[in-house]
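# Observations on the three-dimensional arrangement
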Amino acid sequence: MNEMNEMKKILLIGTGGTIASDVTDSGLAPELTTEQLLSHIPGISDICGVDCLQLLNLDSTNMTPAHWLEIAACIREHYGCYDGFVITHGTDTMAYTAAALSYLIQGSPKPIVLTGAQRPIGFDSTDSKTNLADAFRCAAEDLPGVSIVFNSRVILGTRAKKTRSKSFQAFSSINHPELGVLRDGVLLRYIRQDCREAPVFYDRLDPRVALLKLVPGTGRDAADFLLERNDALIIESFGVGGLPEAGGFYDCVRRWMEAGRVVVLTTQVENEGSDLGVYHVGYRLKSDLGVLEAYDMTTEAVVAKLMWILGQTRRREEVERLFYTPVARDILWPGL
């Protein structure tokens, strides 16, 4: 393909991150525009046609649910004009953004690819150029839905987690196979996501979702504090899941659920998910109180899914139905 009109047309959306950072007196900060990023990979013009749009310029630590809505709205506005989308993003919260976009833009037949880097694109030793070029290659392929392309791996948006803070292999696919890999610039796709003829866009999130990670000896005070100020609480418990029997946790959860709050139990363990029915410390939470269980979902996906659900409804039965309804293969536990 040498003729531009035969090539796929891709929109590059910049949001900042390490990939677009430069050295300042107070450390790395996002400074480069999408046009400047693109100038580092001139060979991309042989792969696809690219237009640039600078939407945000953030360290991804500063990313918020309001920004997720901005990104989704930007894609919605330009969806009809492009064959695919590449979003450059900081690595620290990229998994949250990928999960959020999976709920805000459901069933997209066009690729929506997030990428970034562990080192800025201007450094001699950097993963930026490879990651960005690979993202464009994937955005020009038949790769429906939201994914992260990083270190030659393609990971489903609802299944990604940052598992290394410095290494180039920053992301892992949790409880789900990778969608594919890139070898010498060629996408070898293992799995094709399901999609619709046209995506369904959503424009509401409820950011009042909190997360509590248990440590041995945790009492109910922290849970009470968070549930008083939020509409939902995700509790990262130990092992397959449960709450300490001392300290009043059970009564805390019962009280706040009766007051209309949503409580979800998940696990701090990265792989293999929760199973509340195994031990006494978890069984009553589900059988008697109706606490929701995350099963094999990532914490990032649970956070984003609850924000999306509570942006649509507060009815308990509907919240439960939507939570256990798979979206972009986010929950695949047997029996659901």
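Residues numbered from 1 in each chain as written. Predicted model: local features only at pLDDT ≥ 70, side-chain atom pairs only at ≥ 80, totals over all residues. Heavy atoms only, no water.

## What to know about helix H6 (residues 249–258)
The criterion, for reference: Type-normalised accessible area, obtained with a 1.4 Å probe on protein chains alone, sets the label of each residue: buried when under 20%, exposed when over 50%, and partly exposed for intermediate values. Secondary structure elements follow DSSP: runs of H or I no shorter than four residues count as helices, runs of E no shorter than two count as strands, and numbering proceeds from the N terminus. Here, the arc refers to the directions that run from the helix axis to the C-beta atoms.
Listing the buried residues of H6 in full gives Phe249, Tyr250, Cys252, Val253, Trp256 and Met257. When H6 is viewed along its axis, its buried side chains cluster within an angular range of 160 degrees and face the same direction. Looking one or two residues past H6, Gly260 carries a phi angle of roughly 100 degrees, positive in sign.

## Points about the nonpolar core
One broad trend across soluble globular proteins is that nonpolar side chains are buried collectively. Applied cut-off: Among buried residues, those of type Ala, Val, Leu, Ile, Met, Phe, Trp, Tyr and Cys that are joined through side-chain atoms within 4.5 Å constitute a nonpolar core.
By size, the foremost hydrophobic cluster in this structure holds 59 residues, and its most contacted members are Ile75, Val264, Leu306 and Phe323. Ranked by residue count, the leading element in this core is helix H8 (residues 299–312), at nine residues. In this structure, Leu32, Leu38, Val50 and Val149 belong to the second largest nonpolar core, which totals 30 residues.

## A look at unusual backbone geometry
Even without being glycine, Glu272 reaches a positive phi, approximately 85 degrees. When you line up the elements, Glu272 lands in the loop between strand S17 (262–267) and helix H7 (280–287). Even without being a glycine, Ala328 presents a positive backbone phi close to 50 degrees. As for its position among the elements, Ala328 is in the segment after helix H9 (316–324).

## Considering the packing of aromatic side chains
Operational definition: Here a pair means two rings of Phe, Tyr or Trp (six-membered ring of Trp) with centres within 6.5 Å. Their orientation is stacked below 30 degrees between planes, edge-to-face above 60, and tilted elsewhere.
Taken as a whole and judged by the stated rule, the model has eight aromatic pairs. Consider the rings of Tyr103 and Trp308, whose centres lie 5.8 Å apart with planes at 15 degrees: the pair is stacked. Note that Tyr103 is positioned in helix H3 (residues 94–104) and Trp308 in helix H8, a separation of 205 residues in sequence. Comparing Tyr103 with Trp308 shows no difference in burial state: the two are buried.

## Some remarks on the side chain of Glu236
So the rule is basically this: When charges are tallied, Lys and Arg are placed among the positive residues and Asp and Glu among the negative ones, while His and the ends of the chain are skipped. Each salt bridge in this description consists of a side-chain nitrogen of Lys or Arg and a carboxyl oxygen of Asp or Glu lying within 4 Å of one another. Distance and chemistry together define a polar contact, namely a pair of N or O atoms within 3.5 Å, with one atom able to donate a hydrogen and the other to accept it when in protein, and with adjacent residues in sequence counting only for side-chain atoms on both sides. Whether two residues are in contact is decided by their heavy atoms: any pair within 4.5 Å suffices.
Note that Glu236 resides in strand S16 (residues 232–237). Despite its burial, Glu236 remains without a salt bridge, the nearest opposite charge being carried by Lys213 at 4.6 Å. At a separation of 2.7 Å, a polar atom in the side chain of Glu236 contacts the side chain of Thr299. Leaving out residues up to four positions away in the same chain, Glu236 has contacts with Leu211, Leu212, Lys213, Leu214, Thr266, Thr267, Gln268 and Thr299.

## Here's the deal with the sheet that holds S16
Backbone hydrogen bonds are what pair the strands of a sheet, in a parallel or an antiparallel way. Applied cut-off: A strand pair is defined by DSSP finding two or more bridges across the two strands. Note on definitions: angles span 0 to 180 degrees between N-to-C directions of axes, and those axes are lines fitted to C-alpha atoms, for helices only across the stretch in contact.
Taken together, four strands build an open sheet; the order of strands is S15-S16-S17-S18 and the sheet is parallel. Lying at the two open borders of the sheet, with one neighbouring strand each, are strand S15 (209–213) and strand S18 (292–293). Where S16 meets S17, six bridges bridge the pair, whose relative direction is parallel. Of the residues in S17, the one forming a bridge with Ala232 is Val262. Taken strand by strand, helix H5 (residues 221–229) contacts S15, S16 and S17, and its axis lies near 170 degrees from that of S15.

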